[in-house]
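Here are the chains, one letter per residue:
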There are 2 protein chains.
Amino acid sequence: MPADEFSLIARYFSAFGAGPAVALGVGDDCAILALEPGERLATSVDTVVAGVHFPPDSLPEDIGYRAVAAAASDLAAMGARPLGMTLALTLPDADELWLHSFSQGVGAAAAALALPLVGGDTTRGPLTVSVQVFGALPAGRALLRAGARVGDAVYVSGTLGDAAGGLAVLEGRYRPEPEAAEYLEQRFFRPLPRLQLGMLLLAEAHAAIDISDGLLADAGHLAAASGVAVRLDAGRLPLSPALAAHPDRDQALRWALGGGDDYELCFCLPPGATVPAGCTRVGEVLAGEGVLCPGFDELAGGYRHF
Amino acid sequence: MPADEFSLIARYFSAFGAGPAVALGVGDDCAILALEPGERLATSVDTVVAGVHFPPDSLPEDIGYRAVAAAASDLAAMGARPLGMTLALTLPDADELWLHSFSQGVGAAAAALALPLVGGDTTRGPLTVSVQVFGALPAGRALLRAGARVGDAVYVSGTLGDAAGGLAVLEGRYRPEPEAAEYLEQRFFRPLPRLQLGMLLLAEAHAAIDISDGLLADAGHLAAASGVAVRLDAGRLPLSPALAAHPDRDQALRWALGGGDDYELCFCLPPGATVPAGCTRVGEVLAGEGVLCPGFDELAGGYRHF
């Protein structure tokens, strides 16, 4: 059996494995993680494939960072405290330069997001990166998609559409000032999952989801899980200066409504709840089903039946 | 964003999600698993790639079953109680017949191994199957690779070399009687990870590993982690009747020593320990390093420096 170059790849990732919850890290048949008494495990897996989830000429460092951040966003969406992650990496060959760069991105994300790398598997094949994240939740508590109630207000964190704008910049479809272009590309390659916000929202939010498919689609998932309708007000969508500078405001709003990969949170608060800093009210929960967005209902319609 | 046919694939797997530890299954941003008080989480990920880990014309049902069983074997090797799993599936298209068959294999393994499917991710790309398994261990206890002591006896469960023999049958390199051929092929496609044995061994074994790379390689991993040498006696290796019938006994022994994918356990017991049923003493732990196997030292040498 060729326990070959591929088994040696673990060395590239050996520095990212320490953390308070890690009882046993990389190197045995399993990793062992310790939860605090009364906690439960929250876990999710996210896969990115070359040519599907990132432009083919992306820097390996960016691919590594973004794969971890995208997976971590699911912990944020549940309100979970990050514990660690594993990495299943399939790659065509053991290219040292590529691996060095990729591992730097994984390591940067591991440090930034408090997600030590506790295990993994490396196999030969077409480039595929699968990240499994582990978090802790107090027993009986979680930010679910279900739970939104008629009368709740709908909020989002940060600004929306930046990742879609960044992809447009990368693909030459949008050419803003260099500073704005750089900002948008970074928002695409280096998303910041809202882990702290998620934990904060555990106290009062009725429902939450992270925005990975686009606000319309993800608000649609939340509405369907909760058995309600969500009405969004496009005029309230928070846009970054880089996106607000777009000469075609409708295009910017379409990115904010339909573009994925922002990894912000969309959540529902009851009247009177404390609104966390940096979050914007963008709509409300109504009786009914699906997502309404006056002026963009045609766009919203495509997401009604998920 | 095309939350398309691929998001619908979840339906094929929706029936395999129930289990006593599952607080929240498929459908939200994370799954939630509950451990018992005083337990820790054991977790491992295993990826199989088409053309690398299984013959290209394998039945989808067998690919699904084997991917789960191979991952579960890492729980057995730690002595962990199975809790659940997630599946990251990358596939070129949403072929209904393929998916139906594949999901049947996953479901059969989920039921047989008490591993409810609690989450997953499906993406478009070259066929890759990544299974993450979750188990529970009593705090402070685990079957580690490290821990073997000079004077321990080395045991294996079941019979060895059957999966390598099965692969030889599939590839036309070995043509035994039909009944033996069928048995060996099944051992390749439908391995039985030793979950019950692993939990039993927690009480007395000093070290353990599952045999996925082949006995020589895996005993080498165990020896390296423990800082000892392992001497194996090829004459003691347990062979199935189907493999023992091979006209070239040396070939059969080479499969038992070097062939991977049997997913049996190799473990070390101190003198006087109870030997579980169905296990065979195959060697002993000595001072030194590496794996010795008189008569097959050339084969063993290749594995000395992992």
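Each value, and the rule that gives it
Residues numbered from 1 in each chain as written. Chains lettered and ligands numbered in written order. Predicted model: local features only at pLDDT ≥ 70, side-chain atom pairs only at ≥ 80, totals over all residues. Heavy atoms only, no water. Helix = DSSP H or I, 4+ residues; strand = E, 2+ residues; numbered from the N terminus. Rg over C-alpha atoms; globule rule 2.2 N^0.38 Å. Buried < 20%, exposed > 50% of the residue type's maximum accessible area, 1.4 Å probe, protein only. Contact = heavy atoms within 4.5 Å. Areas by Shrake-Rupley, 256 points an atom, 1.4 Å probe, with all protein chains shown as cover. Lys, Arg positive; Asp, Glu negative; His and termini not counted. Charge placed at Lys NZ, Arg CZ, Asp CG, Glu CD. Axes fitted to C-alpha atoms, helices over the stretch in contact; angles between N-to-C directions. Left-handed = near helix turned anticlockwise from the far one by under 90°. Nonpolar A, V, L, I, M, F, W, Y, C, P; charged D, E, K, R; others polar. Domains from an automatic or database assignment. Buried area = accessible area lost by both parts, 1.4 Å probe. Salt bridge = Lys/Arg side-chain N within 4 Å of Asp/Glu carboxyl O. Polar contact = N/O pair within 3.5 Å; in protein donor to acceptor, adjacent residues only side chain to side chain. Pairing = 2+ DSSP bridges. Least-squares fit on C-alpha atoms with pLDDT ≥ 70 in both. Expected span 1.5 Å × (residues − 1).

A. Summary view of the overall build of chain A. When helices and strands are tallied, chain A shows 10 helices and 12 strands. Computed over the C-alpha atoms, the radius of gyration of chain A is 20 Å, within 12% of the 19 Å expected from 2.2 N^0.38 for a compact globule of 306 residues. Judged by the C-alpha coordinates and their principal axes, chain A covers about 60 × 50 × 30 Å. Sorting the 306 residues of chain A into buried and exposed places 60% on the buried side. Put simply, 85% of the contacts in chain A that link residues at least 6 apart link residues at least 24 apart. When the accessible area of chain A is evaluated, it comes to approximately 11700 Å², of which 53% is carbon and sulfur surface. Put simply, chain A has 19 plus and 36 minus side-chain charges, and the middle of one group is 7 Å from the middle of the other.

B. Region of the structure containing the packing of helix H2 (residues 60-78) of chain B against helix H3 (residues 96-113) of chain B. Residue and element names in this part refer to chain B. Taken N-terminus to C-terminus, the directions of H2 and H3 make an angle of 35 degrees; their axes are 6 Å apart at the nearest point. Considering the relative orientation of H2 and H3, their crossing is right-handed. Between H2, through Pro60, Glu61, Ile63, Gly64, Tyr65, Val68, Ala69 and Ala72, and H3, the contact on the second element is made entirely by Trp98, Ser101, Phe102, Gln104, Gly105, Val106, Ala108, Ala109, Ala112 and Leu113. Here the residues of the contact of H2 with H3 sort into 13 nonpolar, four polar and one charged.

C. Structural detail: the domain arrangement of chain A. Residues and elements named next belong to chain A. In terms of domains, chain A is made up of domain 1 (5-138) and domain 2 (153-301). Placing a centre on the C-alpha atoms of domain 1 and another on those of domain 2 gives a separation of 26 Å. Opposite the 24 residues of domain 1 that make contact, domain 2 presents 19 residues. Counting the surface lost from both domain 1 and domain 2, the interface buries some 1800 Å², and carbon and sulfur atoms represent 66% of this. Note that Arg190 is salt-bridged to Glu61, the shortest N-O span being 3.6 Å. Between domain 1 and domain 2 we count four residue pairs in polar contact (both at pLDDT 80 or more) in total. Looking at the side of domain 1 that touches domain 2, the elements with two or more residues in it are helix H2 (60-78), strand E4 (81-91), helix H3 (96-113) and strand E6 (128-138). Ranked by residue count, the leading element in the side of domain 1 that touches domain 2 is H2, at 13 residues. Split by residue class, the side of domain 1 that touches domain 2 holds 15 nonpolar, four polar and five charged.

D. Focus on the side chain of B:Asp121. With respect to the helices and strands, the residue B:Asp121 is situated in strand E5 (residues 117-124). Of the side chains with opposite charge, A:Arg145 lies nearest to the buried B:Asp121, which makes no salt bridge, at 9.7 Å. A polar contact of 2.7 Å, which involves the side chain of B:Asp121, links it to the backbone nitrogen of A:Thr47. Beyond its immediate stretch of four places on either side in the chain, B:Asp121 contacts A:Val45, A:Asp46, A:Thr47, B:Leu87, B:Ala88 and B:Leu89.

E. Up close: the pattern of salt bridges. Summed over all chains, the structure comprises 25 salt bridges over all chains. Here A:Asp28 makes a salt bridge to B:Arg145, at a shortest N to O gap of 3.8 Å. Here A:Asp28, found in the loop between strand E1 (22-24) and strand E2 (31-33), pairs with B:Arg145, found in the loop between strand E6 (128-138) and strand E7 (153-157), and the two come from separate chains. Pair check on accessibility: A:Asp28 and B:Arg145 agree, each one buried.

F. Geometry of the sheet that holds strand E11 (residues 279-286) of chain A. All names here are of chain A. Strand order in the open sheet made by the six strands is E8-E10-E7-E11-E9-E12, with mixed pairing throughout. Looking at the sheet topology across the chains shown, the edges are occupied by strand E8 (207-210) and strand E12 (290-292). Neighbour-to-neighbour, the strand axes of this sheet turn through a mean angle of 25 degrees, independent of strand direction. One ladder, built from five bridges, connects strand E7 (residues 153-157) with E11; its direction is antiparallel.

G. Representation of the relation of the copies chain A and chain B in the model. It takes a turn of 180 degrees to lay chain A on chain B, together with a shift of 0.0 Å along the axis; the resulting RMSD is 0.0 Å. As the rotation angle and translation indicate, the two copies are arranged about a two-fold axis. Here 100% of the interface residues in chain A have copies in chain B that are interface residues too; the copies meet face to matching face.

H. Just helix H5 (residues 178-189) of chain B, in detail. With 12 residues, H5(B) ought to run about 16 Å at 1.5 Å a step, and its terminal C-alpha atoms sit 16 Å apart, in line with that. By the burial criterion, the buried members of H5(B) are B:Ala180, B:Ala181, B:Leu184, B:Arg187, B:Phe188 and B:Phe189.

I. How the structure looks around the interface of chain A and chain B. Taken residue by residue, the interface counts 56 residues in chain A and 56 residues in chain B. Note on chain A versus chain B: buried area summed over both sides is about 4200 Å², and carbon and sulfur give 61% of it. Residues A:Asp29 and B:Arg145 are paired through a salt bridge, measuring 2.9 Å at the closest nitrogen-oxygen approach. Along the contact surface separating chain A from chain B lie 14 residue pairs in polar contact (both at pLDDT 80 or more). Contributing elements (two or more residues each) for the side of chain A that touches chain B: E1, E2, strand E3 (39-49), H2, E4, strand E5 (117-124), E6 and E8 of chain A. Considering every element that reaches the side of chain A that touches chain B, the biggest residue donor is E3(A), with nine residues. Of the residues belonging to the side of chain A that touches chain B, the class tally is 31 nonpolar, 15 polar and 10 charged. Where E2(A) and strand E3 (residues 39-49) of chain B come together, three bridges link them in antiparallel fashion. Paired with A:Ile32 across the two strands is B:Ala42, which belongs to E3(B).

J. View of the sheet that holds strand E2 (residues 31-33) of chain B. Pairing in this open sheet of six strands is mixed, and the strands run E5(A)-E4(A)-E6(A)-E3(A)-E2(B)-E1(B) from one edge to the other. With one partner strand each, in any of the chains shown, E5 of chain A together with strand E1 (22-24) of chain B form the two edges of the open sheet. Looking at each pair of strands side by side, their axes are set apart by 25 degrees on average, direction ignored. Alignment of E1(B) against E2(B), held across two bridges, turns out to be antiparallel.

K. Examining the pairing of strand E9 (residues 229-232) of chain B more closely. Residue and element names in this part refer to chain B. Strand direction decides the pairing type here: E9 and strand E11 (residues 279-286), joined by four bridges, are antiparallel. Residue pairing for E11: Leu232 is matched across the bridge by Gly283. Strand direction decides the pairing type here: E9 and strand E12 (residues 290-292), joined by three bridges, are parallel. Within E12, the position partnered with Val230 by the bridge is Val291.

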